[in-house]
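What follows is the residue order along each chain.
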Amino acid sequence: MCGIVGYIGSREVTPLLLSGLKKLEYRGYDSAGIAVIENKRVSIVKTAGKLLNLERKLEEYSPTGHVGIGHTRWATHGRPSNVNSHPHNGCSNDFAVVHNGIIENYLELKEWLVDKKGHDFASETDTEVIAHLVEEFYDGDLVQAVRETLKMVQGSYAVGIISLKEPDILIAARKDSPLVIGLGKGENFIASDIPAILNHTRDVYMVEDGEVVLLTKEKVVILDQDNKEVNRDVYHVDWDIEAAEKGGYEYFMLKEICEQPEAFKKTLSGRIQQGKVKLDELNFTREQIKQWEKVFIVACGTAYHSGLIGKPLIEEYLGIPVEVDIASEFRYRNPLVNNKTLAVFISQSGETADTLAALREAKRKGATTLAITNVVGSSISRVADYTFYLWAGPEIAVASTKAYTTMLIAQYLLCVYMAQVKGVMPEEKGREILTALQELPEKAKKILDQKELYLDIAKSIKEARSLFFIGRGYDYNIAQEGALKLKEISYIHAEAYAAGELKHGTLALITEKSPVIAVATQKSTYEKTLSNIKEVTARDAFVIGVAEEGDQEILKWVNKAIYIPKIENTVSPVLAVIPLQLLAYYTAVVRGCNVDQPRNLAKSVTVE
Ligand code: AGP
């Protein structure tokens, strides 16, 4: 996730920016840069890669001054490169901007700036439009120019802006992206995250959406949307740096589970417009989609589990048969891939060796290849013909959570998009799914607001030697993900079974108190799953049911019920998996496991 730091005061700014950026490294990034107001210019030094690269560049030339902004970039629009790194400037080099978030209408704005106003752009980023807009609107008042700019942009942002025109001020603003102001004596700071400034001050203002902040070295003025000064209470930070890096969470995994509402918004950002899915990065034609006689979805681990949900989706709404393959198996079975195939490769990291090898194989056989990945510029995104980025922000914990749920959202969007272009999705159904997708952030938050509930449930299963997850259809697919999550971080053996399969063998393993997690959120299979729950209840199993809120019936047959908010049933797996993530997390915690770095596992598996 991108990081911002900014300073105005009397100290030398470059080392301050650098040390602030170092404190943001844990967020993950792929390039970094700073901009400093020097005597007669705004000097920008930036580069792709780690901060070490930036430090090397600064050895050649290190700008001196007392006002500056710095940035670590996690690429979204445009691959990681020197030119795409922040800060960005307009044509005149008088302005510099750092930005976190996504400007959804940047293409439109860029076109206007280039065609109508004669601006030249250097980078592929969405951020650069902000620098050009500020330059375009500047008429002797930087705050006003920033206001005019922000009126035009749609999307999310936290920005830091400096200008040679007004060298004694620093401007910041936010909407849907975190931003804090650090208060010092004769100096002030901006940062996307508290650790960046914690060495200098513990007194901060939290900036609210729609506010613009004017900083000088002596004062900080927060302005609301109507340009009125706002009185804000000072928040005194009493955490240490380590806790702050994890945003106060004990583990990155919990932080990432709780980041899901935000991650959902980002994955959806700009991709639903007037009841239609808009995916500029794909722009498939109707003819192209019509020529695909088969779809392959290929991935590993959690990403593979997400593909299991993509299959019934595409089969139902596009009427194209889908095969889902484990990447390490795909190449060795000579799959029937040809130029009438769309092959989709899903990978959080974009570097998984098996998935990459499978992608190369599918390409060699003539398939059109599409990557769904979280990491911009990753190997898989570079090899595939098309890429759909998740924009979920960096995932640090080995156990994948927000990447899984955003992979599901990506596949809903992809499916509705292709069905709409092909003209085979009833308008009403498309609207229903898209509306439900937009409800996800708020409904996920409801589950997360009650996360402590899962600690108690975790205590009731923590001594189990083996656990069973059951469900049908989509519920079975998320049961598979739930079992993997529990195994990998709590080391309790867990297996998922299609509920209907139980009586064909596995039921023999169910005895008194065997823990069974039964997922029953899908209306079409509910009655049948309930019968399967009764089968295990009759054998005195200890059953935890996951159901839709309002389901009273399930209470009669389970020992504990977990409820998820009601939502359109196709989309409900995104919500129903969250309790399973939380259950795995708290079980690992009560068992004293190292949640973020489970034994024997690595975040990115780059060997076959
Ligand atoms: C998930 O919790 C795992 N740690 C693992 O299964 C992971 O999903 C798999 O290795 C694939 O990784 P990728 O998405 O980066 O390709």
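Residues numbered from 1 in each chain as written. Predicted model: local features only at pLDDT ≥ 70, side-chain atom pairs only at ≥ 80, totals over all residues. Heavy atoms only, no water.

Here we take up the overall build of the protein chain. Check the secondary structure of the protein chain and you find 19 helices and 25 strands. What you see for the protein chain is a C-alpha radius of gyration of 25 Å, in line with the 25 Å of a compact globule of 608 residues. The proportion of buried residues among the 608 residues of the protein chain is 62%. The contacts of the protein chain with a sequence gap of at least 6 include a subset with a gap of at least 24, amounting to 72%. When the accessible area of the protein chain is evaluated, it comes to approximately 23900 Å², of which 47% is carbon and sulfur surface. Both charge centroids of the protein chain, one from 71 positive and one from 82 negative side chains, sit 4 Å from each other. (Helix = DSSP H or I, 4+ residues; strand = E, 2+ residues; numbered from the N terminus. Rg over C-alpha atoms; globule rule 2.2 N^0.38 Å. Buried < 20%, exposed > 50% of the residue type's maximum accessible area, 1.4 Å probe, protein only. Contact = heavy atoms within 4.5 Å. Areas by Shrake-Rupley, 256 points an atom, 1.4 Å probe, with all protein chains shown as cover. Lys, Arg positive; Asp, Glu negative; His and termini not counted. Charge placed at Lys NZ, Arg CZ, Asp CG, Glu CD.)

Turning to the nonpolar core, a few remarks are in order. Counting residues in hydrophobic clusters, the biggest one holds 103 residues, and the most contacted among them are Leu413, Met418, Leu437, Leu440, Leu467, Phe469 and Leu582. With 14 residues, the single largest contributor to this core is helix 14 (residues 402–422). Domain assignment of the residues forming this core places at least three in each of domain 2 (252–447) and domain 3 (451–590). The next biggest cluster of nonpolar side chains, apart from the first, holds 29 residues, and it includes Val129, Val143, Leu150 and Ile171. (Core = buried A, V, L, I, M, F, W, Y, C linked by side-chain atoms within 4.5 Å. Domains from an automatic or database assignment.)

Moving on, we get to the domain arrangement of the protein chain. Taken domain by domain, the protein chain holds domain 1 (3–238), domain 2 (252–447) and domain 3 (451–590). The straight-line distance from the C-alpha centre of domain 1 to that of domain 3 is 46 Å.

Let us now look at unusual backbone geometry. For the bond from histidine 86 to proline 87, the omega torsion is -5°, close enough to zero to count as cis. At asparagine 600, a residue that is not glycine, the phi angle is positive and equals roughly 70°.

The antiparallel open sheet is built from 5 strands, whose spatial order is 5-6-7-11-12. Two strands close off the open sheet at either side, each with one partner strand: strand 5 (95–100) and strand 12 (220–223). Adjacent strand axes in the sheet meet at a mean angle of 15° when their direction is disregarded. When strand 11 (residues 212–215) meets strand 12, the two strands line up antiparallel, connected through 4 bridges. (Pairing = 2+ DSSP bridges. Axes fitted to C-alpha atoms, helices over the stretch in contact; angles between N-to-C directions.)

Further remarks concern the pairing of strand 11. Burial along strand 11 is two-sided: Val212 and Leu214 facing one way and Val213 and Leu215 facing the other are all buried. In this sheet, strand 11 lies alongside strand 7 (residues 170–175) in antiparallel orientation, the contact comprising 4 bridges. Residue pairing in the sheet places leucine 170 in a bridge with leucine 215 of strand 11. Remark: 4 residues form the turn of the hairpin made by strand 11 and strand 12, two consecutive strands paired antiparallel.

Another aspect to go through is the state of the cysteines. Summed over all chains, the structure comprises 0 disulfides. Cysteine 593 takes part in no disulfide bond, and the closest cysteine sulfur to it belongs to cysteine 258, at a distance of 19 Å. (Disulfide = S-S within 2.5 Å.)

Read from one edge of the open sheet, 8 strands run 3-2-4-1-9-8-10-13, paired in antiparallel fashion. Strands at the two margins of the open sheet, each flanked by one partner only, are strand 3 (42–48) and strand 13 (235–236). Packing against the sheet, helix 2 (residues 51–60) makes contact with strand 2 (31–37), strand 3 and strand 4 (67–73), and its axis sits at approximately 135° to strand 3.

Once that is clear, we can look at the environment of glutamate 281. You can see glutamate 281 is positioned in the loop between strand 15 (276–277) and helix 9 (286–291). Each residue touching glutamate 281, except ones within four places of it in the same chain, is listed here: Arg271, Tyr386, Thr387 and Phe388. Side chain to side chain, glutamate 281 and arginine 271 meet in a polar contact 2.6 Å long. (Polar contact = N/O pair within 3.5 Å; in protein donor to acceptor, adjacent residues only side chain to side chain.)

Bringing the environment of proline 565 into the picture now. Among the structural elements, proline 565 can be located in the loop between strand 25 (560–564) and helix 19 (573–590). Residue classification places proline 565 among the buried residues on the basis of a relative accessible area of 4%. Taking C-alpha positions, proline 565 is 28 Å from alanine 538, a pair spaced 27 residues apart along the chain. In this structure proline 565 touches Lys443, Lys446, Ile447, Glu549 and Leu575, once residues within four positions along its chain are discounted.

This part is about the packing of helix 10 (residues 301–318) against helix 17 (residues 474–490). Relative orientation and spacing of two packed helices are given, respectively, by the angle between their axes and the distance between those axes. Put simply, helix 10 and helix 17 touch, their axes get as near as 9 Å, and they point 180° apart. With respect to their mutual orientation, helix 10 and helix 17 come out roughly antiparallel. Every residue of helix 17 that contacts helix 10 at Gly301, Thr302, His305, Leu308, Ile309, Pro312 and Leu313 is listed here: Tyr474, Asn477, Ile478, Gln480, Glu481, Leu484 and Lys485. When its residues are assigned to classes, the contact of helix 10 with helix 17 shows 7 nonpolar, 5 polar and 2 charged. (Parallel < 35°, antiparallel > 145°, perpendicular 65-115°, else oblique. Nonpolar A, V, L, I, M, F, W, Y, C, P; charged D, E, K, R; others polar.)

Take the site of the ligand next. Inspection of the region around the ligand gives 13 residues, with Ser347, Gln348, Ser349, Thr352 and Glu488 positioned closest. Between the ligand and the protein, one listed contact pairs an oxygen atom with a side-chain N or O atom of serine 347 at 2.6 Å. In the environment of the ligand, an oxygen atom lies 2.4 Å from a nitrogen or oxygen atom belonging to the side chain of glutamate 488. Taking 410 Å² as the accessible area of the ligand by itself, protein coverage stands at 89%. Class assignment for the residues of the shell around the ligand results in 4 nonpolar, 7 polar and 2 charged. (Near = heavy atom within 4 Å.)

Right, let's talk about the side chain of arginine 174 for a bit. Note that arginine 174 resides in strand 7. Classification of arginine 174 by relative accessible area gives buried; the value is 17%. A polar atom in the side chain of arginine 174 sits 3.5 Å from the backbone oxygen of valine 207. Sequence-distant contacts of arginine 174, defined by excluding residues within four places in its chain, comprise Tyr157, Ala158, Leu179, Val207, Glu208, Asp209, Gly210 and Glu211.

This part takes up the packing of helix 8 (residues 260–268) against helix 14. Where helix 8 contacts helix 14, the axes come no closer than 10 Å and their chain directions differ by 30°. The angle between the axes of helix 8 and helix 14 places the two elements in the roughly parallel class. You can see that helix 8 and helix 14 cross each other, and the crossing is right-handed. The segment helix 8 lies against helix 14, with Gln260, Ala263, Phe264, Thr267 and Leu268 engaging Lys402, Thr405, Thr406, Ile409, Ala410 and Leu413. For the contact of helix 8 with helix 14, a count of residues per class yields 6 nonpolar, 4 polar and 1 charged. (Left-handed = near helix turned anticlockwise from the far one by under 90°.)

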